[in-house]
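Residues per chain are reported as follows:
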Amino acid sequence: MCEALCEYLHMATNLSIDPDLLDKALEVSGEKTKKAAVTQALVEFIAKRERSRVKELFGQLEWDSEYDYKQDRSR
């Protein structure tokens, strides 16, 4: 049923998670379930790591100072 309603593939997983960490994650996330808190934590972890990879590119890319970005915008 989930396949019809959800775009994600789900995998049953058995994990041993520190109960104090899980309780804290529930508290700070505001989520109502452990599953939702863990899912949110994973989403945020992945986003943070991806942002750090982008930061590594700063100073390594060539910049065309004559490029007119306003000309390429479409409204």
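Residues numbered from 1 in each chain as written. Predicted model: local features only at pLDDT ≥ 70, side-chain atom pairs only at ≥ 80, totals over all residues. Heavy atoms only, no water.

**Quick notes on the overall build of the protein**
Phase 1: Each helix and strand in the protein was counted, giving four helices and zero strands.
Phase 2: For the protein, the sequential pattern of α-helices and β-strands runs α-α-α-α.
Phase 3: On the protein, roughly 8000 Å² of surface is accessible, and the fraction owed to carbon and sulfur atoms is 54%. (Helix = DSSP H or I, 4+ residues; strand = E, 2+ residues; numbered from the N terminus. Areas by Shrake-Rupley, 256 points an atom, 1.4 Å probe, with all protein chains shown as cover.)

**What about helix α2 (residues 19–29)?**
Phase 1: If you check the start of α2, you find a side-chain oxygen 2.8 Å away from the backbone N of Asp-20, and it comes from Asp-18.
Phase 2: Just beyond α2, the residue with positive phi is Gly-30, at close to 80°. (Polar contact = N/O pair within 3.5 Å; in protein donor to acceptor, adjacent residues only side chain to side chain.)

**Re the packing of α2 against helix α3 (residues 34–55)**
Phase 1: At a minimum axis distance of 9 Å, the contact between α2 and α3 shows a crossing angle of 80°. Here α2 lies roughly perpendicular to α3, going by the angle between them. Contacts between α2 and α3 involve Leu-22, Ala-25, Leu-26 and Ser-29 from the first element and Lys-34, Ala-37 and Val-38 from the second.
Phase 2: For the contact of α2 with α3, the class distribution of residues is five nonpolar, one polar and one charged. (Axes fitted to C-alpha atoms, helices over the stretch in contact; angles between N-to-C directions. Parallel < 35°, antiparallel > 145°, perpendicular 65-115°, else oblique. Contact = heavy atoms within 4.5 Å. Nonpolar A, V, L, I, M, F, W, Y, C, P; charged D, E, K, R; others polar.)

**A short note on a positive patch on the surface**
Phase 1: Judged by side-chain charge, Lys-48, Arg-49, Arg-51, Arg-53 and Lys-55 come together as a positively charged surface patch.
Phase 2: Note that Arg-49 resides in helix α3. (Patch = residues over 30% accessible without salt bridge, like charges linked within 9 Å, V, L, I, M, F, W, Y side chains within 5 Å. Salt bridge = Lys/Arg side-chain N within 4 Å of Asp/Glu carboxyl O. Lys, Arg positive; Asp, Glu negative; His and termini not counted. Charge placed at Lys NZ, Arg CZ, Asp CG, Glu CD.)

**Brief notes about the environment of Leu-22**
Phase 1: You can see Leu-22 is positioned in helix α2.
Phase 2: Distance in space between the C-alpha atoms of Leu-22 and Lys-34 is 7.1 Å, their sequence separation being twelve residues.
Phase 3: Setting aside its immediate chain neighbours within four residues, Leu-22 contacts Ile-17, Lys-34 and Val-38.

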